[in-house]
Amino acid sequence: MGTTASQLGKDLLSEYQELTFLTKQEILLAYKRFSELLSKDEKYVLNERVPMDRILTLPELKSNPFRKRICYVLSTSDSTNGSLTFEDFLDLLTAFSDSATMEIKSHYAFCIFDFDDDGTLDCGDLEKLVNCLTGETDETKLTAEEMRQLISNILEESDIDKDGTVNLSEFQHVISRSPDFVRVHVY
C-alpha cells in the first residue's frame, strides 16, 4: 500500500480527497483497482487511459445495463471511445458513492439516460432507457403500444413545462421524490 500512496503523492492524494466524496483509503483502493486494468507498460503513467472494454470487466459494471453509457459519459477522451483516465475513474466512483449528494447523482444519471446528449430526455431517450431496464428479448420487450403508454405516463408525471421532454431540473424534481435513488450505486 505504501507504493500506491507514493505513486500518487501526498499532495495529489489530498487534492483527490477534496474534489471527490472518497476517503484516502477509497482513493488508494481505486488506484490499485485502476492500475490492475493497465498493461505492464502503462502501469506507472498516471494519465494513461484504460480502454472501455477493460473497464467493463469490473464486476461492478459487468451486469449494469448502462455500463457503456456510464463510460461514455464519464470519459474525458476527445475520441468519445469511453476510455477512462484515473481521474475519470474517480469521477465514476464519486458519482456512485454513498456520500455523493442527490444533485450529483441525479446529474450523472440524467447524463447517462440522455442517450443523444442533447440536454433533454425525449421519447427516443426514454424508449432506450426502458429497453435497457427491461431487456430487449422477446419475453421482456414491450409492445409498441405498451412503450407508447409508458412513455406517455413518464412524461405526464415528469414534464412540468409540457414541452414533450424532461430537462435536468424536471428530472431532479422527480428524483427528489424518490429517496431510494440516493442509495443506488455500482461500486
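Residues numbered from 1 in each chain as written. Predicted model: local features only at pLDDT ≥ 70, side-chain atom pairs only at ≥ 80, totals over all residues. Heavy atoms only, no water.

**Here we look at the overall build of the chain**
Step number 1: Counting its regular elements, the chain contains 11 helices and two strands.
Step number 2: Reading the chain from its N terminus to its C terminus gives the helix and strand order α-α-α-α-α-α-α-α-β-α-α-β-α.
Step number 3: Each principal axis of the C-alpha atoms in the chain carries an extent, and together these give about 55 × 35 × 30 Å.
Step number 4: Looking at the chain as a whole, 40% of its 187 residues qualify as buried.
Step number 5: In the structure as shown, the chain presents an accessible area of about 10,700 Å², 52% of it carried by carbon and sulfur atoms.
Step number 6: Here the chain contributes 19 positively and 35 negatively charged side chains, and the mean placements of these two sets differ by 8 Å. (Helix = DSSP H or I, 4+ residues; strand = E, 2+ residues; numbered from the N terminus. Buried < 20%, exposed > 50% of the residue type's maximum accessible area, 1.4 Å probe, protein only. Areas by Shrake-Rupley, 256 points an atom, 1.4 Å probe, with all protein chains shown as cover. Lys, Arg positive; Asp, Glu negative; His and termini not counted. Charge placed at Lys NZ, Arg CZ, Asp CG, Glu CD.)

**Points about the UniProt feature "domain: EF-hand" (unreviewed entry) in the chain**
Step number 1: Per the UniProt record, the feature "domain: EF-hand" (unreviewed entry) sits at residues 101-136 and 146-181.
Step number 2: Within the segment residues 101-136, helix and strand shares are 67% and 6% respectively, and the terminal C-alpha atoms sit 32 Å apart. (UniProt positions renumbered as here; feature names shortened; annotations may be inferred.)

**Brief notes about helix H2 (residues 10-19)**
Step number 1: Along H2, the residues classified as buried are Leu12, Leu13 and Tyr16. With its buried residues spanning 100 degrees around the axis, H2 presents them on a single face. Relative to its buried face, H2 has exposed residues pointing more than 90 degrees away, namely Lys10, Asp11 and Glu18. (Arc of directions from axis to C-beta.)

**Some thoughts on the packing of aromatic side chains**
Step number 1: One pass over the full model with this rule turns up seven aromatic pairs.
Step number 2: Here the aromatic rings of tyrosine 16 and phenylalanine 86 are separated by 5.6 Å at their centres, their planes lie at 70 degrees, and the arrangement is edge-to-face. With tyrosine 16 in helix H2 and phenylalanine 86 in helix H7 (residues 86-95), this pair connects stretches of sequence that are 70 residues apart. Here tyrosine 16 matches phenylalanine 86 in class, with each residue buried.
Step number 3: Of the aromatic side chains, those joined through ring pairs into one cluster are Tyr16, Tyr31, Phe34, Phe86 and Phe89. (Phe/Tyr/Trp six-rings, centres within 6.5 Å; stacked < 30°, edge-to-face > 60°.)

**Describing the layout of surface pockets**
Empty space among the atoms becomes apparent when a probe as large as a water molecule is rolled across them.
Step number 1: The space that makes up the largest pocket amounts to roughly 290 Å³.
Step number 2: Forming the walls of the largest pocket are 13 residues, and the residues nearest its centre are Phe113, Leu129, Ile154, Phe171 and Ile175.
Step number 3: Going through the elements one at a time, helix H9 (123-134), helix H10 (144-158) and helix H11 (168-176) are the ones with two or more residues in the lining of the largest pocket.
Step number 4: Top element by residues in the lining of the largest pocket is H9. It accounts for four residues.
Step number 5: Along the lines of polarity and charge, the residues of the lining of the largest pocket split into 12 nonpolar, one polar and no charged. (1 Å grid on protein atoms, 1.4 Å probe; cavity = no way out; pocket = protein on both sides within 12 Å on 5 of 7 lines; lining within 4 Å. Points joined across faces, edges and corners; volume = space filled by probe spheres on them. Nonpolar A, V, L, I, M, F, W, Y, C, P; charged D, E, K, R; others polar.)

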